Each structure stands twice: as C-alpha cells, then as structure tokens.
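Residues per chain, in single letters:
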Amino acid sequence: MEAVDGIIRNRATQRRLIHKGFSYYFGLFVFAIPCSLYACAKLSPWVNTMFSEVNPAVSVGSYLYIFFVVLYFYRILFGYTKWAFPAVELVDNRDHALGHRLFWIAIVLSVLGNLI
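Residues numbered from 1 in each chain as written. Predicted model: local features only at pLDDT ≥ 70, side-chain atom pairs only at ≥ 80, totals over all residues. Heavy atoms only, no water.

Chemist: Could you give an account of the overall build of the protein chain, naming the residues involved and the relevant values?
Modeler: Summing up its helical and strand segments, the protein chain has five helices and zero strands in all. Along the protein chain, helices (α) and strands (β) appear in the sequence α-α-α-α-α when read from the amino end. Buried positions account for 26% of the 116 residues belonging to the protein chain. For the protein chain, the computed accessible surface area is about 8,700 Å², with 68% contributed by carbon and sulfur atoms. (Helix = DSSP H or I, 4+ residues; strand = E, 2+ residues; numbered from the N terminus. Buried < 20%, exposed > 50% of the residue type's maximum accessible area, 1.4 Å probe, protein only. Areas by Shrake-Rupley, 256 points an atom, 1.4 Å probe, with all protein chains shown as cover.)

Chemist: Tell me about a nonpolar patch on the surface, and please be specific about residues and values.
Modeler: A cluster of nonpolar residues, Phe22, Tyr25, Phe26, Phe29, Val30, Phe31, Leu112 and Ile116, forms a patch on the protein surface that exposes about 970 Å² of accessible area. At five residues, helix H2 (residues 23-42) tops the list of elements feeding residues into the nonpolar patch. Within the secondary structure layout, Phe29 lies in helix H2. Owing to a relative accessible area of 56%, Phe29 belongs among the exposed residues under this scheme. (Patch = residues over 30% accessible without salt bridge, like charges linked within 9 Å, V, L, I, M, F, W, Y side chains within 5 Å. Salt bridge = Lys/Arg side-chain N within 4 Å of Asp/Glu carboxyl O.)

Chemist: Report on the packing of aromatic side chains, specifying residues and quantitative values.
Modeler: In this structure the tally under the stated criterion is nine aromatic pairs. Between Tyr24 and Tyr25, the ring centres sit 5.3 Å apart and the planes meet at 80 degrees, which makes this aromatic pair edge-to-face. Assessed through its relative accessible area of 23%, Tyr24 is described here as partly exposed. Seen from their ring centres, Tyr74 and Phe78 are 6.0 Å apart, and the 35 degrees between their planes marks the pair as tilted. Residue Tyr74 and its partner Phe78 are both found in helix H4 (residues 56-84); the two are separated by four residues, about one turn of the helix. In this structure Phe78 comes out as buried when scored by relative accessible area, which is 13%. Among the aromatic residues, those joined into a ring-pair cluster are Phe22, Tyr24, Tyr25, Phe31, Tyr74 and Phe78. (Phe/Tyr/Trp six-rings, centres within 6.5 Å; stacked < 30°, edge-to-face > 60°.)

Chemist: Break down H2 for me, with residues and values.
Modeler: Along its 20 residues, H2 runs 27 Å from first to last C-alpha, staying within 8% of the 28 Å computed at 1.5 Å per residue. Its maximal kink placed at Phe29, H2 deviates by approximately 40 degrees. Turning to H2, its buried residues are Ser23, Gly27, Leu28, Ala32, Cys35, Ser36, Ala39 and Cys40. (Expected span 1.5 Å × (residues − 1). Bend = angle between axes of the 7 residues up to and from the residue.)

Chemist: Account for the nonpolar core, with residues named and values stated.
Modeler: Among the nonpolar cores identified, the biggest contains ten residues, and these are Leu28, Ala32, Ala39, Cys40, Val47, Ile66, Phe67, Leu71, Tyr74 and Phe78. Looking at this core, the elements that each hand over two or more residues are H2 and H4. Of the residues forming this core, the biggest block, five residues, is contributed by H4. Sequence-distant contacts of Phe78, defined by excluding residues within four places in its chain, comprise Ile18, Ser23 and Tyr24. (Core = buried A, V, L, I, M, F, W, Y, C linked by side-chain atoms within 4.5 Å. Contact = heavy atoms within 4.5 Å.)

Chemist: Can you tell me about the packing of H2 against H4, naming the residues and giving the values?
Modeler: When two helices pack together, their arrangement is given by the angle between the helix axes and by the axis-to-axis distance. The interhelical angle for the contact between H2 and H4, taken along N-to-C directions, is 145 degrees, at an axis separation of 9 Å. Both H2 and H4 take part in a crossing whose hand is right-handed. Across the interface between the two elements, Ser23, Tyr24, Gly27, Leu28, Phe31, Ala32, Ile33, Cys35, Ser36, Leu37, Ala39 and Cys40 of H2 pack against Tyr63, Ile66, Phe67, Val70, Leu71, Tyr74, Arg75 and Phe78 of H4. When the residues that make up the contact of H2 with H4 are grouped by side-chain class, the tally is 16 nonpolar, three polar and one charged. (Axes fitted to C-alpha atoms, helices over the stretch in contact; angles between N-to-C directions. Left-handed = near helix turned anticlockwise from the far one by under 90°. Nonpolar A, V, L, I, M, F, W, Y, C, P; charged D, E, K, R; others polar.)

Purely geometric stuff here, so don't read any function into it on its own.
Rendered as structure tokens:
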C-alpha cells in the first residue's frame, strides 16, 4: 500500500483539480446549466416557429430536450476530460495523450467561440 501511495505522490500531475470530489457538480452549476438555458433561449425562435400550431406541451418538451442534450454533452466532455488529463501519469503510458489533449482543447475552444 505504501508503494502505491509513493508512486501516486511522485507522479501526480497538476491537473488533479478535475478529479476532486465535487468538480463535476461545480462545473454543472457554474457552466453547464447556464449553457443549457442559453441554448434554450437561442433556439427559442426556432422552437416557436416549428411548434406554434401544435400543443404547447410539445414546445415545452422540446425545450426540456434541448436542456438535457446540452447537459448530456457536458457529461460526455467532462468524462473525456478526466480520461485525457489523468491525475497520475506513468512514464510508460504517454502514448497518444497529447493528441487527445489537443482534440479536447479544440472542442472547448469551439464551444467557447460559439458562446462568445
């Protein structure tokens, strides 16, 4: 047990913040839920034109669907982030990590660019 703890201490990265206990929920409440509400507001004209003659429950359902799709995208992105940026890196396991990290940065920059 001490050998494993020593390896974890010696090879720990500076990216351990995303692996802490409530980092997912912090990002959910600070980033993902506001982005979901923003997506609903941006897509509101489209939803209103598509479902203006249909029952209002259908338009409410479409807003909920948009809301949860954005939250699900956040869940996928957060899981990919934790995988691409591990808390502990071994020297032998650095095979394709740089490519995944660059891909992650491209995803985040494209999302932030669309929001701005």
